[in-house]
Amino acid sequence: MEGTPQFNKVHDILDFHVNKNPDGVMVSTDNADHKNTDILSKVLALVQFLKEKEIKSGDRIAFLAKNSSEFIELMYASSMLELVMVPINFRLAYEEVKFIVQDSGSKIIIFGEEFKEIVEELNSDKTKLKLSFGIKELRKLLKDKGPVSFDSSWLSNNGSNTPLFQMYTSGTTGNPKGALISQKGIISLIENGMDNLGPFDPNAVNLVCMPLFHIAGSAWLFFGLASGCKNILLVDIIPDKILDIIENFNVATTLMVPAVIQMVVAAAEKNNKILKNVKNIVFGASPMAVDTLKRAQKIFPNSDFTHVYGMTETTGMFMSLDPRELRANRRLESCGKCFSNSEIKIVDAQNNEVPIKTIGEIICRTDQIMDGYFNREDANDEAIKDGWFYTGDAGYIDEEGYLFIRDRIKDLIITGGENVYPAEVENALMMQPSIIDCAVIGVSNPKWGEAVLALVVVKEDYFSENELKAALRSHLAGFKIPKTFHIVDSLPRNAGGKITKHVLREKYGHLGQ
């Protein structure tokens with residue numbers, strides 16, 4: 001990015017901004033500001049502490065906590081010492097947390113106080129954990145040590161290929177896999193993404209809404225840290241609080257997944273709020289209904305909306321849609337074109353590139369591709385072939401090179417020999433005033449092979465199945481209209497805001513019989 005220094009390692013970002021603006025606020029959590037020099041002091045103390053505990057290059061350190069400045073401190077310390085940070089989804093059940101700790105071989109776990117019982121159980125179970133520290137306890141230990149001077153011998157990773165993160169994918173089938181996120185991938189993301197996703201003004205305020213254990217949250221944080229702006233870390237996703245922070249702290253940029261945007265928009269509409277200070281809202285991780293986008297544009301009238309596409313395995317987003325397209329009501333369902341460091345192709349099941357506007361699997365080649373899945377050679381061979389990452393997403397490219405995602409390949413519904421992509425049906429459903437939220441899945445059916453089932457969260461006073469089907473006929477072919485509508489109170493989502501359709505298929509698959 002023009003005007004941004006060249007970083008070789010992630011901790012170079014800290015060094016640069018400490019020298020450039022020592023008293024600048026790097027991060028704010030729960031109304032507490034942390035200056036660049038404050039973070040540096042804590043990082044140095046943590047580095048010395050870990051050295052004393054004989055933690056060595058390549059060792060894994062698990063992090064189980066909500067968004068906090070300690071995530072940043074451990075990230076910078078890990079970068080300096082060649083350690084691998086393992087962020088854990090704090091919403092997981094005990095056995096899921098235990099699997100990640102065991103699979104990663106983590107030697108230390110740092111945790112938020114609300115997860116103390118989980119860690120106590122881990123310590124009594126058979127894992128490789130040697131040390132565990134609550135964040136409050138660790139803060140006190142480091143504070144008691146007093147000021148620590150920088151020791152250049154700590155920086156032993158100049159030629160290292162040690163990954164910085166081991167981030168576990170949500171795992172729709174089987175156990176989650178640890179994606180190895182490299183220093184090179186993060187630096188490439190920063191260098192190639194900032195021009196597309198800003199403006200990242202060093203004097204502006206950036207809101208980090210999404211949890212940092214998820215690539216959507218951490219990738220967005222990388223941009224804010226690299227730019228030197230003030231980053232507000234949201235601890236819990238509460239729509240009214242998001243609106244208050246945006247309004248009271250003059251937030252200029254943020255990233256939210258569509259499910260969060262939907263909640264924020266509903267809260268703003270309820271409270272008659274119009275927020276004019278936001279300059280860019282980036283969204284991705286799952287498709288956003290066109291109706292939700294148009295409502296959001298009314299709440300944030302001066303903001304660009306930038307659709308991005310990426311995943312954990314690609315160190316987050318590697319392509320984006322120019323917001324001028326959305327402002328002009330063009331390509332509302334596209335996620336745009338690749339960053340300059342990336343390219344994509346659409347291929348069929350035989351790995352042949354398909355013609356323009358033909359749906360196939362999206363594959364990408366980029367400097368941001370992970371180093372692989374930890375200890376999963378078979379999965380690596382399946383996911384990465386000749387330098388191309390196979391996303392598992394179905395989509396097509398139009399005549400001008402814009403990508404349109406249709407769905408996950410495994411979510412494709414084949415009913416009576418016809419292909420139905422659930423996202424298309426869901427988008428049509430979300431245009432209906434009676435629908436609050438929805439998910440479309442295929443369920444086994446003796447007549448059609450699969451039948452289209454819609455699980456809907458509805459406004460009860462408005463909902464009529466017959467009227468809904470009639471309204472859908474102007475948007476969808478007959479075979480795409482759900483055979484059955486099943487009303488639910490809510491829909492299950494993972495940390496990235498994606499609906500967990502494998503859970504829905506297991507629970508509601510019998511409704512097709």
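For the structure given in this document, a descriptive report is provided here. This one's a predicted model, so the numbers in the text were calculated from it and none came from an experiment. Along each chain, the written sequence defines residue order, and numbers are assigned to residues from 1. Predicted model: local features are reported for residues with pLDDT of at least 70 only, side-chain atom pairs are reported and counted for 80 or more only, and whole-chain, interface and lining totals are derived from all residues. The side-chain values count all of the structure's non-hydrogen atoms but skip hydrogen atoms and water molecules.

### Observations concerning the nonpolar core
Line of reasoning, step 1. We call a set of buried Ala, Val, Leu, Ile, Met, Phe, Trp, Tyr and Cys residues a nonpolar core when their side-chain atoms join them within 4.5 Å. Accessible area is worked out with a 1.4 Å probe on protein chains only. A residue is then buried under 20% of its type maximum, exposed over 50%, and partly exposed in between. In terms of nonpolar packing, the biggest core is built from 120 residues, with Y76, F165 and F300 touching the most fellow members.
Line of reasoning, step 2. Tallying contributions element by element places helix α8 (residues 215-227) first for this core, with nine residues.
Line of reasoning, step 3. Setting aside residues no more than four positions away along its own chain, F165 makes contact with F71, M75, V84, M85, P87, A179, L180, I181, I186 and F222.
Line of reasoning, step 4. Counting residues in each nonpolar core, the second largest holds 22 residues, with Y94, F111, I118 and L122 among its members. Numbering goes from the N terminus for both helices and strands, where a helix is a DSSP run of H or I of at least four residues and a strand is a run of E of at least two. Residue contacts are defined here by distance: any two heavy atoms, one from each residue, within 4.5 Å place the two residues in contact.

### Quick word on helix α16 (residues 501-508)
Line of reasoning, step 1. Considered for burial, the residues of α16 that qualify are K501, L504 and Y508. Angular distribution of buried residues about the axis of α16 spans 55°; they occupy a single face of the element.
Line of reasoning, step 2. On its buried face, α16 sits against β20 (403-408), α14 (422-430), β23 (435-445), β24 (449-458) and β25 (484-487). Here, the arc refers to the directions that run from the helix axis to the C-beta atoms.

### A few points about the side chain of H34
Line of reasoning, step 1. Position of H34 relative to the elements: it lies in strand β2 (residues 32-35).
Line of reasoning, step 2. With residues up to four places along the chain from it excluded, the contact list for H34 reads G24, V25, M26, V27, T29, I39, K42 and S69.

### Some words on a negative patch on the surface
Line of reasoning, step 1. Here a patch means residues that are over 30% exposed by relative accessible area and free of salt bridges, tied together within 9 Å if like-charged and within 5 Å if nonpolar (Val, Leu, Ile, Met, Phe, Trp, Tyr). Exposure was quantified through the Shrake-Rupley algorithm and a 1.4 Å probe, taking into account, for residues, occlusion by the shown protein chains and nothing else. Each salt bridge in this description consists of a side-chain nitrogen of Lys or Arg and a carboxyl oxygen of Asp or Glu lying within 4 Å of one another. His residues and chain termini do not enter the charge count, which takes Lys and Arg as positive and Asp and Glu as negative. All charge positions are set by atom: Lys at NZ, Arg at CZ, Asp at CG, Glu at CD. Taken together, the side chains of E95, E96, E117, E120 and E121 present a region of like negative charge at the surface.
Line of reasoning, step 2. Listing elements by their share of the negative patch, those giving two or more residues are α4 (94-104) and α5 (116-124).
Line of reasoning, step 3. The biggest single contributor to the negative patch is α5, with three residues.
Line of reasoning, step 4. We classify E120 as partly exposed; its relative accessible area is 45%.

### Let's talk about the sheet that holds β24
Line of reasoning, step 1. Pairing in this open sheet of three strands is mixed, and the strands run β23-β24-β25 from one edge to the other. In the strand order of this sheet, the two ends are held by β23 and β25, each with one partner. The sheet shows a mean angle of 30° between the axes of neighbouring strands, direction not considered.
Line of reasoning, step 2. Whether two strands pair depends on DSSP finding at least two bridges between them. Direction of pairing for β24 relative to β25: parallel, over a ladder of four bridges. Residue pairing across strands places L453 opposite T484, the latter belonging to β25. Lines fitted to C-alpha atoms define the axes here, with helix axes fitted over just the stretch in contact, and angles between the N-to-C directions of these axes take values from 0 to 180 degrees.

### Re the pairing of strand β9 (residues 205-208)
Line of reasoning, step 1. Residues of β9 alternate between two faces, with V205 and L207 on one and N206 and V208 on the opposite face, all of them buried.
Line of reasoning, step 2. In the sheet, β9 pairs with strand β10 (residues 230-233) via four bridges, with the strands oriented parallel. Opposite V208, over in β10, you have L233 as the bridge partner.
Line of reasoning, step 3. For a crossover, the right-handed case is the one in which the path from the first strand over the helix to the second runs clockwise, viewed with the strands pointing away from the viewer. In the classification by handedness, the crossover that spans β9, the intervening α8 and the parallel β10 is right-handed.
Line of reasoning, step 4. With three bridges joining them, β9 and strand β11 (residues 253-255) adopt parallel strand pairing. In the strand pairing of β11, N206 is matched with T253.

### Digging into the packing of aromatic side chains
Line of reasoning, step 1. For Phe, Tyr and Trp, rings pair up if their centres lie within 6.5 Å, where Trp contributes its six-membered ring, and each pair is then called stacked (planes under 30 degrees apart), edge-to-face (over 60) or tilted (otherwise). Inspection of every chain in the model, using the stated rule, returns 12 aromatic pairs.
Line of reasoning, step 2. Between the aromatic rings of F71 and F165, the centroid separation amounts to 5.9 Å while the plane-to-plane angle is 15°, which identifies the pairing as stacked. Separated by 94 residues along the polypeptide, F71 in helix α3 (residues 69-81) and F165 in strand β7 (residues 165-168) bring together distant segments of the chain.
Line of reasoning, step 3. A relative accessible area of 2% places F71 in the buried class.
Line of reasoning, step 4. Between the aromatic rings of W220 and F223, the centroid separation amounts to 6.1 Å while the plane-to-plane angle is 75°, which identifies the pairing as edge-to-face.

### Considering the state of the cysteines
Line of reasoning, step 1. Any pair of cysteine sulfurs within 2.5 Å is marked as a disulfide. If you walk through the whole model with that rule in mind, you get zero disulfides.
Line of reasoning, step 2. Residue C229 stays outside any disulfide, its sulfur separated by 13 Å from that of C209, the closest cysteine.
Line of reasoning, step 3. Classification of C229 as buried rests on a relative accessible area of 3%.
Line of reasoning, step 4. Unpaired in this structure, C335 has its nearest cysteine sulfur neighbour in C338, at a distance of 8.9 Å.

### Some points on the side chain of S434
Line of reasoning, step 1. Within the element layout of this structure, S434 appears in the loop between α14 and β23.
Line of reasoning, step 2. Residue S434 is classed as buried on the basis of its relative accessible area of 8%.

### Some words on helix α7 (residues 183-197)
Line of reasoning, step 1. Take the number of residues in a helix, subtract one, and multiply by 1.5 Å to get its expected span. Under the 1.5 Å per step criterion, the end-to-end length of α7 is 20 Å for 15 residues, consistent within 8% with the ideal 21 Å.
Line of reasoning, step 2. Among the 15 residues of α7, 11 are classified as buried, and the element is accordingly described as predominantly covered.
Line of reasoning, step 3. For α7, the complete set of buried residues consists of Q183, G185, I186, I187, S188, L189, I190, N192, G193, M194 and L197.

### Some remarks on the pattern of salt bridges
Line of reasoning, step 1. On inspection of all chains with the given rule, the structure shows 25 salt bridges.
Line of reasoning, step 2. With its nearest N and O atoms 2.6 Å apart, the salt bridge here joins E70 to R139. On the criterion of sequence distance, the pair formed by E70 in helix α3 and R139 in helix α6 (residues 135-145) is long-range, its members being 69 residues apart.
Line of reasoning, step 3. The class for R139 is partly exposed, based on a relative accessible area of 46%.
Line of reasoning, step 4. For R324, the salt bridge is made with D322, and the minimal N-O distance between the two is 2.6 Å.
Line of reasoning, step 5. Looking at R324, the relative accessible area reads 52%, which means it is exposed.
Line of reasoning, step 6. Here D322 falls in the partly exposed class, since its relative accessible area comes to 27%.
Line of reasoning, step 7. Several salt bridges converge on common partners, so that one network encompasses E325, R330, R331, D398 and E400.

The values reported here are purely geometric and, on their own, carry no functional implication.
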